[in-house]
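Here is what each chain is made of, one letter per residue.
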Amino acid sequence: DSTVVEDVAKDFFVESTFQPKKVRINVAKHDELANHPYINRALARAIEAYRFQHGNFAQLDDLRKVQLMKSETLQKLKPYLSFDP
């Protein structure tokens, strides 16, 4: 409801300079992955296993190949991932 959004917007804001902490998807260990709110332990294991078997992820779309990765989760994760080696 737009009224609720307006009420919440009065009390909360996000700084324009805010940058979320990025997870380095190609080097992050299981615990770091599983600590992210959008990644559960099973998905963290699947990401690590896929990375071990197939090598580093080059781009966001590469994560679609992880069997447990849902499109909705991938879109939520987009601002939080870094593909640096």
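These notes cover the structure that comes with them. (Residues numbered from 1 in each chain as written. Predicted model: local features only at pLDDT ≥ 70, side-chain atom pairs only at ≥ 80, totals over all residues. Heavy atoms only, no water.)

Attention shifts here to the environment of Lys65. Relative to the assigned elements, Lys65 resides in the loop between helix 3 (41–54) and helix 4 (71–77). Lys65 sits 45 residues away from Pro20 along the chain, and the two C-alpha atoms are 25 Å apart. (Helix = DSSP H or I, 4+ residues; strand = E, 2+ residues; numbered from the N terminus.)

Turning next to helix 3. Every α-helical turn comprises 3.6 residues, leaving residues that sit three or four positions apart pointing alike. Between the first and last C-alpha of helix 3 there are 20 Å, a value that for 14 residues agrees with the 20 Å anticipated at 1.5 Å per step. Those residues of helix 3 lying buried are Leu43, Ala44, Ala46, Ile47, Tyr50 and Arg51. Down the axis of helix 3, the buried set is contained in an arc of 160°. They therefore lie on one face. Seen from the buried face of helix 3, the exposed residues on the opposite side, beyond 90 degrees, are Phe52 and Gln53. Residues of helix 3 that are buried in the fold lie against helix 2 (30–34) and helix 4. One side-chain oxygen of the residue at the start of helix 3 lies 3.2 Å from the amide nitrogen of Ala42, identifying that residue as Asn40. Positive backbone phi, at 95°, marks Gly55, one or two positions downstream of helix 3. (Expected span 1.5 Å × (residues − 1). Buried < 20%, exposed > 50% of the residue type's maximum accessible area, 1.4 Å probe, protein only. Arc of directions from axis to C-beta. Contact = heavy atoms within 4.5 Å. Polar contact = N/O pair within 3.5 Å; in protein donor to acceptor, adjacent residues only side chain to side chain.)

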